[in-house]
Amino acid sequence: MAKAARNLTGERFGKLVGIKDVGSEYGRGRLWRFRCDCGKEVTLPAFMVSGSRGHRSCGCGKRTGDLKRSPPYRHWKAMRQRCTSHRHYAGRGIQVCAEWADPLAFIEWALANGFEVGLSLDRIDNDGDYTPDNCRWATAKQQSVNKRVTVMVEWRGRPLALIEACAEAGVNYWTVRSRLKAGKSLEQALGTDGAAISKGPVLRGK
């Protein structure tokens, strides 16, 4: 009498859970449909998931390894860590959007929106969440201008971050900060006779 095929419905093998028997195939035995924890469904012979060395996922484990070698991945990981443990982010309620819970979605966005090694992930609205519409890839200088506390001045008729005014005047930022702290006017600190009126420190954000 032939031995009854094992019913794998509902059984878990690593990340795989049996859904249904889909018949048999010569040389491969009984085939089963499995659903992986990542959401993907695969069909595998029953013998390939049983035992200590059997399949334990649809292959997403390998894909995760590939993702981790992708340069934008470390930015995704750092972004998630900031929003769960850093008081300046988690404490202010800043979150990562649901779409970017998947690292692949973030990496695809990064590569399609100007990612280059050496750039940093910057939120346009410093009090907003990490979302595709509120993020960009920025240089260290651009990101420093967008910090929550930035010294703003009125320079040549327009508001600028002090670091930007220093760049235009060709003067070291910390030299200018030291001169201002010593009581010099903005034009004296910048070493120019251009019409510039210091408005004093202006705080961005909360």
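Here the structure is a predicted model, which means the values were calculated and not measured.

Asks: Which residues make up the overall build of the protein chain, and what values go with them?
Replies: Of the regular secondary structure elements, the protein chain holds seven helices and 11 strands. In the protein chain, which comprises 206 residues, the proportion classed as buried is 32%. Within the protein chain, counting contacts between residues at least 6 apart in sequence, those at least 24 apart form 40% of the total. Counting only carbon and sulfur atoms, one obtains 51% of the accessible surface of the protein chain, whose full area is about 12,900 Å².

Asks: Explain the side chain of Arg123 residue by residue, including any values.
Replies: Within the secondary structure layout, Arg123 lies in strand 5 (residues 120-123). Looking at Arg123, its side chain comes within polar contact range of the main-chain oxygen of Gly128, at 3.1 Å.

Asks: So, the pairing of strand 3 (residues 29-36): which residues are in play, and what are the values?
Replies: Consecutive side chains along a regular strand alternate between the two faces of the sheet. In the sheet, strand 2 (residues 16-25) pairs with strand 3 via seven bridges, with the strands oriented antiparallel. Residue pairing for strand 3: Lys20 is matched across the bridge by Arg33. Summarising the sheet, strand 3 and strand 4 (residues 41-45) pair through five bridges and their orientation is antiparallel. Bridge pairing links Arg33 to Thr43 in strand 4. Between strand 3 and strand 4, which pair antiparallel one after the other, the connecting turn spans four residues, and Gly39 there sits at a positive phi close to 105°.

Asks: Give a detailed account of the side chain of His75, specifying residues and quantitative values.
Replies: Within the secondary structure layout, His75 lies in helix 2 (residues 73-85). Setting aside anything within four residues of it in sequence, one finds His75 in contact with Phe106, Phe115, Leu119, Ser120, Leu121 and Trp137.

Asks: Tell me what's going on with the packing of helix 2 against helix 3 (residues 103-112), and back it up with residues and numbers.
Replies: For the pair helix 2 and helix 3, interaxial distance at closest approach is 9 Å and the crossing angle is 120°. With respect to helix 3, the axis of helix 2 lies oblique. Our pair here, helix 2 against helix 3, has a crossing hand that is right-handed. Contact residues: Tyr73, His75, Trp76 and Met79 in helix 2; Pro103, Phe106 and Ile107 in helix 3. Its residues assigned to classes, the contact of helix 2 with helix 3 shows six nonpolar, one polar and no charged.

Asks: Let's hear about the sheet that holds strand 3: which residues, and what values?
Replies: Overall, antiparallel pairing links the four strands, which are arranged 1-2-3-4 in an open sheet. Because the sheet does not close on itself, it has two edges, and the strands there are strand 1 (12-13) and strand 4.

Asks: A description of the packing of aromatic side chains should follow, citing residues and the corresponding values.
Replies: Overall, the coordinates contain eight aromatic pairs when judged by the stated rule. Residues Trp100 and Trp109 carry aromatic rings whose centres are separated by 4.8 Å and whose planes lie at 55° to one another, so their mutual orientation is tilted. For the pair Trp100 and Trp109, a shared accessibility class is recorded, and that class is buried. Cluster of aromatic residues (ring-pair linked, three or more members): Trp100, Phe106, Trp109, Phe115 and Trp137. Lying across the ring of Tyr130, Arg123 places its NZ or CZ 5.1 Å from the centre.

Asks: So, the nonpolar core: which residues are in play, and what are the values?
Replies: Among the nonpolar cores identified, the biggest contains 21 residues, and Met79, Trp100, Phe106, Trp109, Leu121, Tyr130 and Trp137 are the most heavily contacted of them. Broken down by secondary-structure element, the contributors of at least two residues to this core are helix 2, helix 3 and strand 6 (135-138). Leu8, Val42, Val49 and Cys58 belong to the second-largest nonpolar core, a separate cluster that totals 11 residues.

Asks: Can you tell me about helix 5 (residues 162-169), naming the residues and giving the values?
Replies: When we look at burial in helix 5, the residues that qualify are Leu162, Ala165 and Cys166. One side of helix 5 holds all its buried residues, which, seen down the axis, span an arc of 100°. Of the residues flanking the end of helix 5, it is Gly170, one or two places downstream, whose phi is positive at about 75°.

Quick notes on the rules
Residues numbered from 1 in each chain as written. Predicted model: local features only at pLDDT ≥ 70, side-chain atom pairs only at ≥ 80, totals over all residues. Heavy atoms only, no water. Helix = DSSP H or I, 4+ residues; strand = E, 2+ residues; numbered from the N terminus. Buried < 20%, exposed > 50% of the residue type's maximum accessible area, 1.4 Å probe, protein only. Contact = heavy atoms within 4.5 Å. Areas by Shrake-Rupley, 256 points an atom, 1.4 Å probe, with all protein chains shown as cover. Polar contact = N/O pair within 3.5 Å; in protein donor to acceptor, adjacent residues only side chain to side chain. Pairing = 2+ DSSP bridges. Axes fitted to C-alpha atoms, helices over the stretch in contact; angles between N-to-C directions. Parallel < 35°, antiparallel > 145°, perpendicular 65-115°, else oblique. Left-handed = near helix turned anticlockwise from the far one by under 90°. Nonpolar A, V, L, I, M, F, W, Y, C, P; charged D, E, K, R; others polar. Phe/Tyr/Trp six-rings, centres within 6.5 Å; stacked < 30°, edge-to-face > 60°. Lys NZ or Arg CZ within 6 Å of the ring centre and 35° of its normal. Core = buried A, V, L, I, M, F, W, Y, C linked by side-chain atoms within 4.5 Å. Arc of directions from axis to C-beta.

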